[in-house]
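# Report on the structure
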Amino acid sequence: MPEAGDGPLYDDAAGRLVRPYTVINGRTRPTTALDLLSQVMATGATPLGYLGPEHATALDLCRAPVSVAEIAAHLKLPATVTKVLLSDLVDCGALTTKPPVFHHNPTDRSLLEAVLDGLRRQL
């Protein structure tokens with residue numbers, strides 16, 4: 001059961017209760033190069049030090065390989081903020097990254113079909 005003051009950082013009626021850049025202490029650049037299509041996955045290592053609730057939620061979402069864009073959508077955070085959060089988790093050894101499979105041509109037809117198929121499965 002949550003303690004007083006441990007309320008949600010997002011309210012359905014009011015929206016985000018904490019500014020996104022507050023979540024990452026005002027940092028604007030990730031320490032790890034991440035693309036929106038980069039795949040991230042939890043390593044199973046326990047991160048040392050304090051992680052905020054967004055870090056913990058992102059780590060939980062990464063039990064299977066998932067793209068940075070998908071994590072940003074689930075967290076309801078801008079991609080830049082999500083990249084900083086994920087790079088924190090990479091830096092502490094909790095996540096591993098893999099460049100996108102279609103890195104050479106992001107407008108490749110098979111990539112666009114894969115994205116469309118993924119969206120259809122989510123709906």
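Going by the annotation in an unreviewed UniProt entry, the name recorded for the chain is DUF742 domain-containing protein, with Streptomyces gottesmaniae given as the source organism.

What follows concerns the pattern of salt bridges. For the structure on display, the rule yields three salt bridges. The shortest N-O distance in the salt bridge between Asp60 and Arg63 comes to 3.3 Å. Residue classification places Asp60 among the partly exposed positions, given a relative accessible area of 40%. One salt bridge connects Arg120 with Asp117, and the closest N-O pair in it is separated by 3.9 Å.

Turning next to the packing of helix H2 (residues 53-61) against helix H3 (residues 68-75). The description of two helices packed together rests on the angle between their axes and the distance between the axes. At a minimum axis separation of 10 Å, H2 and H3 run at an interaxial angle of 130 degrees. When the interaxial angle is binned, H2 and H3 end up oblique. Between H2 and H3 the crossing geometry is right-handed. From H2, Glu54, Thr57, Ala58 and Leu61 reach across to H3, where they touch Ile71, His74 and Leu75. A class-by-class count of the residues in the contact of H2 with H3 yields four nonpolar, two polar and one charged.

Calculation rules
- Residues numbered from 1 in each chain as written.
- Predicted model: local features only at pLDDT ≥ 70, side-chain atom pairs only at ≥ 80, totals over all residues.
- Heavy atoms only, no water.
- Salt bridge = Lys/Arg side-chain N within 4 Å of Asp/Glu carboxyl O.
- Buried < 20%, exposed > 50% of the residue type's maximum accessible area, 1.4 Å probe, protein only.
- Axes fitted to C-alpha atoms, helices over the stretch in contact; angles between N-to-C directions.
- Helix = DSSP H or I, 4+ residues; strand = E, 2+ residues; numbered from the N terminus.
- Parallel < 35°, antiparallel > 145°, perpendicular 65-115°, else oblique.
- Left-handed = near helix turned anticlockwise from the far one by under 90°.
- Contact = heavy atoms within 4.5 Å.
- Nonpolar A, V, L, I, M, F, W, Y, C, P; charged D, E, K, R; others polar.

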